[in-house]
Amino acid sequence: MDWKLFVTAALAAAIGAAAGVFALTSTGGGIEHQADAKMLEIGIAILREPARVDDDPMRSWAVRVVEKKSGVSFSDQQRAVLLKRAAGGR
């Protein structure tokens, strides 16, 4: 599977999870605090951007936030792709 297609699929899944969280939040169920939904949005925004050499800690944090706030875990392969540097790999 092409890595770009894999990243796109992983981000689509994360965005879908965020949409579900947003729907739960706007109807008053599921999430205790609006801050949880905002943290999820921030995590997805970070992962949506292409990886750079100097952003490994931020991307790792974003993956943990998305997993925790969405309740959906990434596989090891998905996590590795989301953390992979854009130029030259690891």
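Before any of the text, the structure's been laid out above.
These figures come from a predicted structure and were not determined experimentally.

Caption draft 1: Summary view of the overall build of the chain. When its secondary structure is counted, the chain shows four helices and zero strands. Helices and strands in the chain line up, N terminus first, as α-α-α-α. Here the chain holds 90 residues, and the buried ones make up 34% of them. Surface summary for the chain: the accessible area is close to 5700 Å², and the carbon and sulfur share equals 60%.

Caption draft 2: The arrangement of the packing of helix α2 (residues 34–48) against helix α3 (residues 56–70) in detail. At their nearest, the axes of α2 and α3 sit 8 Å apart, and the two run at 140° to each other. Judged by the inter-axis angle, α2 sits oblique to α3. For α2 against α3, the interelement crossing comes out left-handed. Here α2 contributes Asp36, Met39, Leu40, Ile42, Gly43, Ile44, Ile46 and Leu47 to the contact with α3, which in turn contributes Met58, Arg59, Trp61, Ala62, Val63, Val65, Val66, Lys69 and Ser70. Here the contact of α2 with α3 is composed, by residue class, of twelve nonpolar, two polar and three charged.

What counts and what doesn't
- Residues numbered from 1 in each chain as written.
- Predicted model: local features only at pLDDT ≥ 70, side-chain atom pairs only at ≥ 80, totals over all residues.
- Heavy atoms only, no water.
- Helix = DSSP H or I, 4+ residues; strand = E, 2+ residues; numbered from the N terminus.
- Buried < 20%, exposed > 50% of the residue type's maximum accessible area, 1.4 Å probe, protein only.
- Areas by Shrake-Rupley, 256 points an atom, 1.4 Å probe, with all protein chains shown as cover.
- Axes fitted to C-alpha atoms, helices over the stretch in contact; angles between N-to-C directions.
- Parallel < 35°, antiparallel > 145°, perpendicular 65-115°, else oblique.
- Left-handed = near helix turned anticlockwise from the far one by under 90°.
- Contact = heavy atoms within 4.5 Å.
- Nonpolar A, V, L, I, M, F, W, Y, C, P; charged D, E, K, R; others polar.

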